[in-house]
Amino acid sequence: MSDPEAFSFAVGTRLAGRHGRSGVISTPHGDIATPAFIPVGTKATVKAVLPETMRELGAQALLANAYHLYLQPGSDIVDEAGGLSKFMNWPGPTFTDSGGFQVMSLGVGFKKVLAMEAVDVRSDDVIAAGKERLAVVDDDGVTFRSHLDGSKHRFTPEVSMGIQHRLGADIIFAFDELTTLLNTRAYQEKSLQRTHEWAQRCIDEHEQLTAARTHRPYQALFAVIQGAQYEDLRRKACRELESIRGAAGTGFDGYGIGGALEKHNLGTIVGWCCDELPEDKPRHMLGISEPEDIFVAVENGADTFDCVNPSRVARNAAIYVAEGRFNINTARFRRDFTPIDETCDCYTCANYTRAYIHHLFKAKEMLASTLCTIHNERYTIRLVDRIRESIEGGYFDEYKAETLGRWKGRIRTP
């Protein structure tokens, strides 16, 4: 079953003069029409929502996290269950990240965000205020302590590949080191070389595991592009990763654009990368979901992207609508018997009122998180579906102007 031809990417409609395009990624568990938003189910679940519900909301694929599933329940258990899709009762395609992002978070203690603000301070021993360093990077890999019980563990490129092969996702990522914008230029260069060497080790191990695990469907391996905000490092990373081959001649099946970056430079950085990357392979942007970021990433060449934000903010009563984002647990919604959004086709908006959801949050009922997550995930998925339709229909610029014109109103309490 482990046939590399089970994975492919076909470009559809291109945006004139830009890297943006529509397309189709084919995997052993089904196709993904791109651009596509990939909801995050960190521990093999999108928090508070059934996998069946995610399918009803239009999700084409889900992303889980190798670090978390390695710690609990263990990648061997997921493998024994038949892989991630069977384990979580999700019939569609799946992604797993490499664990590198969590290693950075453990190492420096920052929140799990990629978009940062550059400051004048530069330090290669940076750590967030009040946090303890739980991970240490060296040239061979990363030693870290579990956030669950403090037990000691070690990830190397080979370990990450082994975990991800056992998890069995359709698309997996090479193990990389994610730096912060506080690191010096010298460290960024050193880290980029380390990530390049790890990428070679990943593809070598990937070849061996693919050959040994013919009882499982083929898994596509994506490289991860680092380089922070430096144009020369980003372009260098793309060229070098594209040139890597395993002993059997295997190259990467796609590319992930990662690394800490300043939000206002998102489009520029994606554009640099897509200048260098091959046209016939998909590009995944790691960690974005805000509407303006989605438009910028798509326009500059990103095909898929993931983010925890729609579900994370939903659990804190933050709701997405066309005009912006607002908190539904504020007093003015106590007697508001209208849907969250009368134009939304999700289950929550069809059946429940703002007043009821406001009550659920005040009563600390778990159903509040479920109903709001359903809405926010549907909002994001539908937005990206419409972006794809606008590319194929030839009206992307008009749709972007209309959508962002409303969104930038940034209402807080409509």
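Look up a bit, the structure's there.
Residues numbered from 1 in each chain as written. Predicted model: local features only at pLDDT ≥ 70, side-chain atom pairs only at ≥ 80, totals over all residues. Heavy atoms only, no water.

> Break down the sheet that holds strand 3 (residues 30-34) for me, with residues and values.
The strand order 1-2-3 describes an open sheet built from 3 strands, whose pairing is antiparallel. Looking at which strands have only one partner, the edges of the open sheet turn out to be strand 1 (8-14) and strand 3. Averaged over all pairs of adjacent strands, the angle between strand axes in this sheet comes to 15°, irrespective of strand direction. When strand 1 meets strand 2 (residues 21-27), the two strands line up antiparallel, connected through 5 bridges. Within strand 2, the residue paired with V11 across the bridge is G23. (Pairing = 2+ DSSP bridges. Helix = DSSP H or I, 4+ residues; strand = E, 2+ residues; numbered from the N terminus. Axes fitted to C-alpha atoms, helices over the stretch in contact; angles between N-to-C directions.)

> A description of the packing of helix 14 (residues 367-393) against helix 15 (residues 396-407) should follow, citing residues and the corresponding values.
Helix-helix packing: each pair is described by the crossing angle between the helix axes and the interaxial distance. Relative to each other, helix 14 and helix 15 sit at 150°, their axes nearing to 8 Å. Here helix 14 is positioned roughly antiparallel relative to helix 15, judged by the angle of their axes. In this structure, helix 14 uses Y379, L383, R386, I387, S390 and I391 to contact helix 15, whose residues at the interface are F396, Y399, T403 and W407. Taken together, the residues of the contact of helix 14 with helix 15 sort by class into 7 nonpolar, 2 polar and 1 charged. (Parallel < 35°, antiparallel > 145°, perpendicular 65-115°, else oblique. Contact = heavy atoms within 4.5 Å. Nonpolar A, V, L, I, M, F, W, Y, C, P; charged D, E, K, R; others polar.)

> Residues and numbers for the environment of I203, please.
With respect to the element layout, I203 can be found in helix 7 (residues 185-212). Residue classification places I203 among the buried residues on the basis of a relative accessible area of 0%. The spacing of I203 and A248 is 45 residues in sequence and 9.9 Å in space, taken between C-alpha atoms. Beyond its immediate sequence surroundings of up to four residues, I203 is in contact with L221, I244, R245, G246, T250, G251 and F252. (Buried < 20%, exposed > 50% of the residue type's maximum accessible area, 1.4 Å probe, protein only.)

> Outline the nonpolar core, supporting the account with residue identities and numerical values.
Membership of the largest hydrophobic core comes to 98 residues, with the highest contact counts inside it found for I225, F252, M285, F305, I328 and I387. For this core, the element with the highest residue contribution is helix 14, accounting for 10 residues. For I328, the residues in contact, after removing those within four places along its chain, are A317, I319, F333, I340, R354, I357, H358, F361 and C372. (Core = buried A, V, L, I, M, F, W, Y, C linked by side-chain atoms within 4.5 Å.)

> Describe the sheet that holds strand 10 (residues 152-155), with residues and values.
The antiparallel open sheet is built from 3 strands, whose spatial order is 8-9-10. If you trace the sheet from one side to the other, it starts and ends with strand 8 (135-137) and strand 10, each paired once. Adjacent strand axes in the sheet meet at a mean angle of 15°, parallel and antiparallel pairs treated alike. Pairing of strand 8 with strand 9 (residues 142-145) involves 3 bridges; the strand directions are antiparallel. Across the sheet, residue V136 finds its bridge partner in strand 9, namely T143.

> Quick one: what's the story with the environment of T13, residue by residue and with numbers?
Topologically, T13 is positioned in strand 1. Those residues in contact with T13 that sit more than four places away from it in its chain are G20, R21, S22, I391 and E392.

> I'd love a proper account of the environment of A297, names of residues and values included.
Here A297 is to be found in helix 10 (residues 291-299). You can call A297 buried: its relative accessible area is 0%. Measuring from C-alpha to C-alpha, the distance between A297 and T403 comes to 15 Å, with 106 residues separating the pair along the chain. Not counting chain neighbours up to four residues away, the residues in contact with A297 comprise V270, I288 and A302.

> Which residues make up the pattern of salt bridges, and what values do they have?
Under the defined criterion, the tally for this structure stands at 28 salt bridges. Close ionic contact of R185 with E189 constitutes a salt bridge, the shortest N to O distance being 2.7 Å. Of the two residues, R185 and E189 are both situated in helix 7; the distance of 4 residues between them amounts to about one turn of the helix. As a salt-bridge pair, R235 and D275 come within 2.9 Å of each other at their nearest N and O atoms. Here R235 is found in helix 8 (residues 231-243), whereas its partner D275 is found in helix 9 (residues 266-276), with 40 residues between them in sequence. Judged by its relative accessible area of 16%, R235 is buried. (Salt bridge = Lys/Arg side-chain N within 4 Å of Asp/Glu carboxyl O.)

> Please set out the packing of helix 6 (residues 157-167) against helix 7 residue by residue, giving values where relevant.
At a minimum axis distance of 8 Å, the contact between helix 6 and helix 7 shows a crossing angle of 40°. Judged on the interaxial angle alone, helix 7 and helix 6 are oblique. When you trace helix 6 past helix 7, the crossing you get is right-handed. Between helix 6 and helix 7, the contacting residues are P157, E158, M161, G162 and H165 on the first element and W198, R201, C202, E205, H206, L209 and T210 on the second. A class-by-class count of the residues in the contact of helix 6 with helix 7 yields 5 nonpolar, 4 polar and 3 charged. (Left-handed = near helix turned anticlockwise from the far one by under 90°.)

> Provide a residue-level description of helix 10, including the pertinent values.
Most of helix 10 sits out of view: 8 of its 9 residues are buried. Buried within helix 10 we find P291, E292, D293, I294, F295, A297, V298 and E299. Looking at the packing, one finds that the buried side of helix 10 touches strand 2, helix 9, strand 16 (304-307), helix 14 and helix 15. The positive-phi residue at the C-terminal boundary of helix 10 is G301, with phi of around 125°.

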